[in-house]
Amino acid sequence: YKNVCHNIALVHVKNRMKNILLVEDDEELRLILKMAISLRMKNIHITEASSGQEGLSFFLNANSFDIVISDYSMANGNGQFLLEELTKIEAAAFFI
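What counts, and where the lines are drawn
Residues numbered from 1 in each chain as written. Predicted model: local features only at pLDDT ≥ 70, side-chain atom pairs only at ≥ 80, totals over all residues. Heavy atoms only, no water. Pairing = 2+ DSSP bridges. Helix = DSSP H or I, 4+ residues; strand = E, 2+ residues; numbered from the N terminus. Contact = heavy atoms within 4.5 Å. Axes fitted to C-alpha atoms, helices over the stretch in contact; angles between N-to-C directions. Parallel < 35°, antiparallel > 145°, perpendicular 65-115°, else oblique. Left-handed = near helix turned anticlockwise from the far one by under 90°. Nonpolar A, V, L, I, M, F, W, Y, C, P; charged D, E, K, R; others polar. Polar contact = N/O pair within 3.5 Å; in protein donor to acceptor, adjacent residues only side chain to side chain.

Caption draft 1: Fine view of the sheet that holds strand E1 (residues 18–23). Pairing is parallel in the open sheet, where four strands are placed in the order E2-E1-E3-E4. What marks the edges here is a single partner per strand, and that holds for strand E2 (44–49) and strand E4 (94–95). Of the pairings in the sheet, the one linking E1 to E2 comprises six bridges and is parallel in character. In the strand pairing of E2, leucine 21 is matched with threonine 47. Here helix H2 (residues 27–40) sits on the sheet in contact with E1, E2 and strand E3 (67–70), set at roughly 175° to E2.

Next comes the structure, spelled out in structure tokens:
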């Protein structure tokens, strides 16, 4: 958790809110991560997705995420799938 917040802080977005896509299939863990990140970080907006496929869909529709935080092991498109798909479209988002 501390490393995630540290990595988020390193992403430089000048004078605007950081848009984060949080991809985690475990609803309870997703909620805990969202709350923990929100408490520690300022000037952020978090969008939640429950699978790699849903995360990819959000990304393709919004294309305004600065940071993608993803679980690796999920049904319906794991973290590796998501990273590979974002790489194909040359997404500029920082991937954790």
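Caption draft 2: Just the packing of helix H3 (residues 52–62) against helix H4 (residues 79–88), in detail. Axis separation between H3 and H4 bottoms out at 9 Å; the angle between their running directions is 25°. In terms of axis orientation, H3 runs roughly parallel to H4. Crossing angle aside, the handedness with which H3 passes H4 is right-handed. In this structure, H3 contributes Gly52, Gln53, Gly55, Leu56 and Phe59 to the contact, and H4 contributes Phe81, Leu82, Glu85 and Leu86. Of the residues in the contact of H3 with H4, the class split is five nonpolar, three polar and one charged.

Caption draft 3: Seen up close, the environment of aspartate 26. Mapped onto the fold, aspartate 26 is located in the loop between E1 and H2. As for aspartate 26 and aspartate 71, which are separated by 45 residues in sequence, their C-alpha atoms are 9.2 Å apart. There is a polar contact of 3.0 Å between the side chain of aspartate 26 and the backbone nitrogen of leucine 29.

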